[in-house]
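Residue-level listing of the chains:
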Amino acid sequence: MKIIGRKREKDSLMQCLLSNRPEFVAVYGRRRVGKTYLIREYFNKQFSFYTTGLSDEKTKGQLRAFHASLNAYGHEDKSIPRDWFEAFTRLRELLESDKVYREPINNKRVIFLDELPWMDTARSDFKSALDYFWNSWASAQEDLVLIACGSATSWIITNLLTNKKGFHNRITRRIHLAPFSLAECEELFALNDIVMTRSQMIESYMVFGGIPHYLNLLDSRLSLAQNINELCFKEYGYLHDEYYNLFYSLYDKPEKHMAILETLARNRDGLTRAELSKEKEIGGGSVLTKDLRELEECGFIRKFINFTKGEGESFYQLIDPFTLFSIRFIKNKKFDSWNEYINTPGYHSWRGNSFEIVCLNHIQQIKATLGISGIETNEFAWRSGEPEKGAQIDLIIRRKDGVINLCEMKFTNEAYSLDADEYEKIRNRMARFQKATDAKKAIHITLVCGNGYKQSKYSGIVQNVILGDDLFEV
């Protein structure tokens, strides 16, 4: 089957096959983003050994599954391993046999351990056995590629990426699989015979994000609104309970993670760590530090430096469209149908917020349209210090060529046209920003309009206009 996008990830996997060293690859990312699909399709489902952990199974069940995979790949011992040390000893025996499958590109032996965190059950010796397998043998095999994959991101980060003991510096490559871009979503829709305008594709992204599995659920016979209703609002809908399933699959104890996200969903402008820690359900300390890091690693939140405060003050903002949609309309459900929400004040508020998230996930496309892909830039947010009537700018692009782009993002039913009220708001934001920052660079007002732009007598204040189509650039 065809792999859409994933150019960087495929290149990383190819480098594993071409390298002259053993490779230990950690592949991680949120549930349903396509991790297993990428690895299986890239290697054409042919491995020296492949197995997957089992959800909610104890050690005995995990060992039984591992044993079945060993037998399927040619190991002849019919007894179930007593522990993980014995299981990995048998894996070594299998990999040392003459009959083991080798990748044709460079004669590599490729091992794929899918949903690895699920194998590490309570009071098992899994981590010690994997550590011993890698350090005592696998790390000396120049023709070996071990790919460890999992949706339980906290386990991957804690035990593989930041562990200071057995796996410290053992991971040779890390692949964080991000959601699709709009261009990749468009390619997937074409593959599935789903007909939409680009404006509708943007709105679908505002609901489902770029999660391939969610987008594959859309019925080509239904409109976008009908699909949202069937998938999210019907009790039997496939995504009706996905918000809870998502976080309980990613984290062992997701309650604080969810409390962070739900607090950020109520605060569109973002909050500092100190502001988050004041919430009773969240708390502070090292637990908050860990939870914020994990949410950021998975792409649910972004950490943005305040332009005027630098590293001294950073904001955290929710930037995952499906999470925002689920909190606003499914978890806190007021109506039983998506159509009942459309054109309500809550719908318009969500749509403005969600389109900003779409833009924050497509900064590279915005830079390309501005013609500054090759110019060094930094991205910031800014919030003025006034307690009342403060100003907020969600995306500031500071460029090495002496320009600062202040980005305003608008998603309207018709082509957006600047009116007197919005003109004054932009002037106010720009004046407050200049006063607060004492900016020495030229300030360019940049409009990102998801559904077209129409000139007006107030358009002179705008230097750059980016249209919805521009966000689809590859």
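Everything here concerns the structure above.
Here is a short report on the structure shown in this document. (Residues numbered from 1 in each chain as written. Predicted model: local features only at pLDDT ≥ 70, side-chain atom pairs only at ≥ 80, totals over all residues. Heavy atoms only, no water.)

**Here we look at the nonpolar core**
Worth spelling out the cut-off: Definition of nonpolar core: a set of buried residues of the types Ala, Val, Leu, Ile, Met, Phe, Trp, Tyr and Cys, connected through side-chain atoms within 4.5 Å. A 1.4 Å probe rolled over the protein chains alone gives each residue an accessible area, and that area as a share of the maximum for its type sets the label: buried under 20%, exposed over 50%, partly exposed in between. Put simply, DSSP marks the helices as runs of H or I at least four residues long and the strands as runs of E at least two long, and each gets a number from the N terminus on. A contact between two residues is defined here by any heavy atoms of the two lying within 4.5 Å.
Core analysis: the largest hydrophobic core is formed by 97 residues, its most contacted members being Ile147, Phe208, Phe247, Phe300, Phe325 and Phe355. With seven residues, helix H18 (residues 345-360) is the single largest residue contributor to this core. The residues touching Phe208, leaving out its near neighbours within four places in the chain, are Tyr214, Leu215, Leu218, Leu224, Ile228, Leu231, Cys232, Leu239 and Phe322. The next biggest cluster of nonpolar side chains, apart from the first, holds 36 residues, and it includes Ala26, Phe126, Ile157 and Phe167.

**Side note on the packing of aromatic side chains**
So the rule is basically this: In this analysis, rings of Phe, Tyr and Trp, with Trp reduced to its six-membered ring, are considered paired at centre separations within 6.5 Å, and the interplanar angle assigns stacked below 30 degrees, edge-to-face beyond 60, and tilted for intermediate values.
According to the stated counting rule, one finds 38 aromatic pairs in the structure shown. Summarising the aromatic geometry, the rings of Phe49 and Phe66 are spaced 5.2 Å apart at their centres and angled 55 degrees between planes, so their arrangement reads as tilted. Note that Phe49 is positioned in strand S2 (residues 49-52) and Phe66 in helix H3 (residues 59-72), a separation of 17 residues in sequence. There is no split in this pair, since Phe49 and Phe66 are both buried. Aromatic side chains Trp382 and Phe433 sit 5.4 Å apart centroid to centroid with 85 degrees between the ring planes, which places their arrangement in the edge-to-face category. Of this pair, Trp382 sits in strand S8 (residues 377-383) while Phe433 sits in helix H20 (residues 420-437), placing them 51 residues apart in sequence. Each of the two residues, Trp382 as well as Phe433, counts as buried.

**What to know about the side chain of Lys410**
For Lys410, the position within the fold is in strand S10 (residues 403-410). Under the relative-accessibility criterion, Lys410 is labelled buried at 17%.

**Re the packing of helix H9 (residues 198-208) against H18**
The angle between the axes and the distance between the axes are what describe a pair of packed helices. The cut-off we apply is this: Lines fitted to the C-alpha atoms define the axes, with helices restricted to the stretch that makes contact. Angles between their N-to-C directions range from 0 to 180 degrees. Geometric relationships in this document are graded by angle, where less than 35 degrees denotes roughly parallel, more than 145 denotes roughly antiparallel, 65 to 115 denotes roughly perpendicular, and other angles denote oblique. Classification convention: Asp, Glu, Lys, Arg as charged; Ala, Val, Leu, Ile, Met, Phe, Trp, Tyr, Cys, Pro as nonpolar; all other residues, Gly among them, as polar.
Viewed as axis vectors pointing N to C, H9 and H18 meet at an angle of 95 degrees, and their least axial separation amounts to 9 Å. By the angle class used here, H9 and H18 are roughly perpendicular. Listed contacts from H18 to Ile202, Glu203, Tyr205, Met206 and Val207 of H9 are Tyr347, Trp350, Arg351, Ser354, Phe355 and Val358. For the contact of H9 with H18, a count of residues per class yields eight nonpolar, one polar and two charged.

**Structural notes on the sheet that holds S2**
As a reminder of what qualifies: Between any two strands, at least two bridges found by DSSP are needed for them to pair.
Within the open sheet, the five strands sit side by side as S2-S3-S4-S1-S5. Their pairing is parallel. Where the open sheet ends on each side, the last strands, each with one partner, are S2 and strand S5 (173-176). Between one strand axis and the next, the sheet turns through 15 degrees on average, direction left out of account. Relative to strand S4 (residues 144-150), strand S1 (residues 23-28) runs parallel, the two being bridged by six bridges. Bridge pairing in S4 links Val25 to Ile147.

**Notes on unusual backbone geometry**
Although it is not a glycine, Arg32 adopts a positive phi angle of roughly 75 degrees. Relative to the elements of secondary structure, Arg32 occurs in the loop between S1 and helix H2 (35-42). Phi is positive for Lys45, close to 60 degrees, though the residue is something other than glycine. Among the structural elements, Lys45 can be located in the loop between H2 and S2.

**Focus: H2**
Restricting attention to buried positions, one finds in H2 the residues Lys35, Leu38, Ile39 and Glu41. The inward-facing, buried residues of H2 contact helix H1 (7-18), S1, strand S3 (109-114) and S4. One or two residues past the end of H2 sits Asn44, with phi positive at roughly 55 degrees.

**Comments concerning the packing of helix H4 (residues 84-96) against helix H6 (residues 126-136)**
Note the cut-off: The sense of a crossing depends on the near helix, which, turned anticlockwise from the far helix by less than a right angle, makes the crossing left-handed and, turned clockwise, makes it right-handed.
Packing of H4 against H6 leaves a shortest axis separation of 8 Å and a crossing angle of 30 degrees. Considering their axes alone, H4 and H6 lie roughly parallel with respect to each other. Here H4 runs over H6; the crossing is right-handed. Residue-level contacts link Trp84, Phe85, Phe88, Leu91, Arg92 and Leu95 of H4 to Phe126, Ser128, Ala129, Leu130, Tyr132 and Phe133 of H6.

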